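# Tertiary structure, described
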Amino acid sequence: MWKTILRRILIMIPEIIILSILVFLLAKAMPGDPFTGSINPKADPAQIHHLMKINGLYDPWYQQYWNWVVHLFHGNLGNSYQYQEPVTRLISGRAVNTLWLALFTTVLTYCFALPMGMYAAKHEGKLPDSIIRIYTYVTYCIPFFVILVIGIWIFGYVLGWFPTTGSVSSTANPGFPTIASRLYHILLPGILGALFGTVNIVQYLRSEVIDAKGSDYVRTARSKGVPEKDIYRHHIFRNSLLPIAAFAGYSITGLLNGSLFTETVFSYPGMGLLFINSISYRDYTVITALVLIYGILNLLGTLLSDIILSIVDPRIRIQ
Amino acid sequence: MEENLNKHSDISAADLERLSKEAQDEATPSSSKIIWSEFKADKPAMVALILVVTFILFVMIASLFINTPKMMETDIMNYNATPGSNGFLLGADTGGRPILQQLIVGARNSIGIAIGLTLISSTFGICWGLISGYFNGYIDWGMQRVYDFMMMLPMTMMIIVLVTIIKSYNAVTLTFIFSIFYWEGTSRLIRSRTLSESEKDYVAASKTSGTGSFKIIFREIMPNISSLIIVDTTLSFAENIGVETGLSYLGFGLPIQTPSLGTLIANANDPNNITQYWWTWLPAALLIIILCLSISYIGQVVRRAADASQRHGISD
């Protein structure tokens, strides 16, 4: 077991190094420089030249990369050219918002998906099963950003039930009202994300439960006279829960990638929106840091899911 | 039949013809025949198929009659014209550009890119999966590491970065950029199937008789997993419509002068548009939903046809 995990982590290291080089080079290849736009139009080209020089932007790329990595290990990702603020502070402020939303959506997804999966499996082949199958299929194949736009239109603008921008109301008092306001702001994107992200969990849970229904321990329990409800609740559900829990890792990975869309539609100040803004301002330091963070989070999410799955199911441990 | 064979020691030409016809009738029908009969058995699927094919043909032909640069010219007089007014069947956007024509050209562009993306990424993914699954050992290990690396990349972000680097890009470059990142799903599926396929006897027999590896892969294994390939391609086509439209929505897909369903939906980013001028973006959003639903419904039917135990039409 530990061998598997250790091997996975060892494989991760070169992946992260290659990603960091790739990201760094791509950011360097982006057109424009961070100074031309930010200083007033009358700025002297010589001054920009000087700024480029003291920021080390004329060094050969490997030199720049090396400096960047050394700083990275000191916890210094440089300064954002756009916000004039250390990237670490900037991103950590935004990351809290993104992770809040992702966590909330994941919890809600499980709340919706677990009963659906159980119910579908219980009534395998009957009407509820087909309805749930159609539901998961419809939600799966519609591009999520379209749902977000239609959702914010109906519930945010037309009905006016939910806020349409920001992460917290500016008038909220500190303490509990602030937390309530935060929750209120992530409610609509969270619910939409959860309603439209159930497909994997529902299908996996359904097939797990259907497999378990025919297994020996269920037949034993049934012959002992355990009520049908308890068989599902205590025997089958417990056994199917762990592999389902493993999906949390993949789910968070998916949500992070979707955060670009969610945060753009809801003008929610998280990492995704920060990325979109930084791209238009050519804010290299922020862009490289964000792509790297997303890559590493992707890896960790997948790793987490794989570890849980390999604990549960020894067949899929890699050799 | 047996009697006939016993009576004639050497079979006459007429009998041979009849026998081969009998054999043909008894043989498993070809996969295209199975899929077709599945559609005939499932009326909603037939409707979806006709709908999608007609729609694609319609936008392809109709967009030929639309002068895109002229259509994209700003026309202040018709700023946000309401649907039905001034000959604007579906109204006009903030620049006075007709929505209906934009919708047609946009659908053509979006569908065209989705088709191109599906063709390129599926072909690559299939080759990758076949080769990786057939050659065990170091080749597979190396290819798997590349696969892992690609899976780790935040795709949308990488595409956005690439799109900003490339100065002048068009639909074709865009399709290639997308294709770099969207082959993994297919390759994983094909690889796992090839792994189990290459353990079968016919592959071993072919190997011992000295057939070349690539001939085994592409002439023997690939035809045997063709139903899986067809299913996967149809389903990824539906998904790929979301790829370009999503990025165009964010503003990193097709350039502004080239309408796409995504850029039309991006009209909704303006609070005025989303509340008052719903016709600027809602038709495109509904069109994407209907398209994706119909195409993946077709995909479901094709999948059902590929799985003999689930067929509604003929079974073997």
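All values derive from a computational prediction rather than experimental measurement. (Residues numbered from 1 in each chain as written. Chains lettered and ligands numbered in written order. Predicted model: local features only at pLDDT ≥ 70, side-chain atom pairs only at ≥ 80, totals over all residues. Heavy atoms only, no water.)

## Looking at the overall build of chain A
- On a plain count of helices and strands, chain A comes out with 12 helices and 2 strands.
- Counting from the amino terminus, chain A carries its helices and strands in the arrangement α-α-α-β-β-α-α-α-α-α-α-α-α-α.
- Summarising its shape, the C-alpha atoms of chain A cover approximately 85 × 55 × 40 Å along the three principal directions.
- Each of the 319 residues in chain A was classed as buried or not, and the buried ones make up 44%. (Helix = DSSP H or I, 4+ residues; strand = E, 2+ residues; numbered from the N terminus. Buried < 20%, exposed > 50% of the residue type's maximum accessible area, 1.4 Å probe, protein only.)

## Quick look at the state of the cysteines
- Scanning the model with the defined rule gives 0 disulfides over all chains in all.
- Unpaired in this structure, Cys292 of chain B has its nearest cysteine sulfur neighbour in Cys141 of chain A, at a distance of 6.6 Å. (Disulfide = S-S within 2.5 Å.)

## A few points about empty space enclosed by the protein
- Inspection of every chain in the model, using the stated rule, returns 1 cavity of 30 Å³ or more.
- Of the volumes computed, that of the largest cavity is approximately 30 Å³.
- For the largest cavity, the full set of lining residues is Val23, Leu26, Ala27, Ile287, Thr288 and Val291 of chain A together with Met158 and Val161 of chain B.
- Secondary-structure elements contributing two or more residues to the lining of the largest cavity are helix 1 (2-29) and helix 12 (284-312) of chain A together with helix 8 (155-165) of chain B.
- Taken together, the residues that form the lining of the largest cavity break down as 7 nonpolar, 1 polar and no charged. (1 Å grid on protein atoms, 1.4 Å probe; cavity = no way out; pocket = protein on both sides within 12 Å on 5 of 7 lines; lining within 4 Å. Points joined across faces, edges and corners; volume = space filled by probe spheres on them. Nonpolar A, V, L, I, M, F, W, Y, C, P; charged D, E, K, R; others polar.)

## Section: the UniProt feature "transmembrane region" (unreviewed entry) in chain B
Residue and element names in this part refer to chain B.
- In this structure's numbering, the residues bearing the UniProt feature "transmembrane region" (unreviewed entry) are residues 45-66, 111-135, 155-183 and 278-302.
- In residues 45-66, the share of helix is 82% and the share of strand is 0%. The end C-alpha atoms are 31 Å apart.
- Across residues 111-135, helical content stands at 96% and strand content at 0%; the span's end C-alpha atoms are separated by 36 Å. (UniProt positions renumbered as here; feature names shortened; annotations may be inferred.)

## Examining the environment of Leu117 of chain B
- Relative to the assigned elements, Leu117 of chain B resides in helix 6 (residues 99-134).
- Discounting residues that sit within four places of it in the chain, Leu117 of chain B has contacts with Ser122, Thr175, Phe178, Ser179, Tyr182, Asn240 and Val243 of chain B. (Contact = heavy atoms within 4.5 Å.)

## Considerations on the UniProt feature "transmembrane region" (unreviewed entry) in chain A
Residue and element names in this part refer to chain A.
- Sites flagged by UniProt as "transmembrane region" (unreviewed entry) map to residues 9-27, 99-121, 142-163, 183-205, 241-266 and 286-312.
- Taken end to end, residues 99-121 is 100% helix and 0% strand, and its first and last C-alpha atoms sit 32 Å apart.
- Between the C-alpha atoms that bound residues 183-205 there is a distance of 29 Å. The span itself is 87% helix and 0% strand.

## Structural notes on the packing of aromatic side chains
- A complete count under the given rule lists 15 aromatic pairs over all chains for this structure.
- A ring pair is formed by Phe162 of chain A and Tyr184 of chain A, whose centres lie 6.2 Å apart and whose planes are at 40°; its orientation type is tilted. In this pair, Phe162 of chain A sits in the loop between helix 6 (144-158) and helix 7 (176-195) while Tyr184 of chain A sits in helix 7, placing the two residues 22 residues apart along the sequence.
- On the accessibility criterion, Tyr184 of chain A (38% relative accessible area) is partly exposed.
- Where Phe135 of chain B meets Phe214 of chain B, the ring centres are 6.0 Å apart and the plane angle is 55°; that geometry is what we call tilted. With Phe135 of chain B in the loop between helix 6 and helix 7 (138-152) and Phe214 of chain B in helix 12 (residues 213-224), this residue pair connects regions lying 79 residues apart in the sequence.
- On the accessibility criterion, Phe135 of chain B (19% relative accessible area) is buried.
- Overall, Phe214 of chain B belongs to the partly exposed group, its relative accessible area being 47%.
- Ring-pair connections join several aromatic residues into one group, and the members of that group are Tyr134, Phe135, Phe214 and Phe218 of chain B.
- Across the ring face of Tyr232 of chain A, the terminal group of Lys122 of chain A is positioned such that the distance to the ring centre comes to 4.8 Å.
- Sitting above the plane of the Trp141 of chain B ring, Arg145 of chain B keeps its charged end 5.1 Å from the centroid. (Phe/Tyr/Trp six-rings, centres within 6.5 Å; stacked < 30°, edge-to-face > 60°. Lys NZ or Arg CZ within 6 Å of the ring centre and 35° of its normal.)

## Brief notes about the confidence of the model for chain B
Residues and elements named next belong to chain B.
- With 85% of its residues at a pLDDT of at least 70, chain B reaches an overall mean of 82.
- Least confident of the elements in chain B is helix 1 (residues 2-7), whose mean pLDDT is 50; most confident is helix 6, at 90.
- Reported confidences for the modelled complex are a pTM of 0.83 and an ipTM of 0.84. (pLDDT = per-residue confidence, 0-100.)

## Regarding the nonpolar core
- Ranked by size, the top nonpolar core spans 140 residues in total, and within it Phe275 of chain A together with Ile160, Tyr249, Ile265 and Trp281 of chain B carry the most contacts.
- Tallying contributions element by element places helix 6 of chain B first for this core, with 14 residues.
- Domain assignment of the residues forming this core places at least three in each of domain 1 (2-39 + 55-87 + 270-301) and domain 2 (88-268) of chain A.
- Core analysis: the second largest hydrophobic core is formed by 21 residues, Ala113, Ala120, Val202 and Val209 of chain A among them. (Core = buried A, V, L, I, M, F, W, Y, C linked by side-chain atoms within 4.5 Å. Domains from an automatic or database assignment.)

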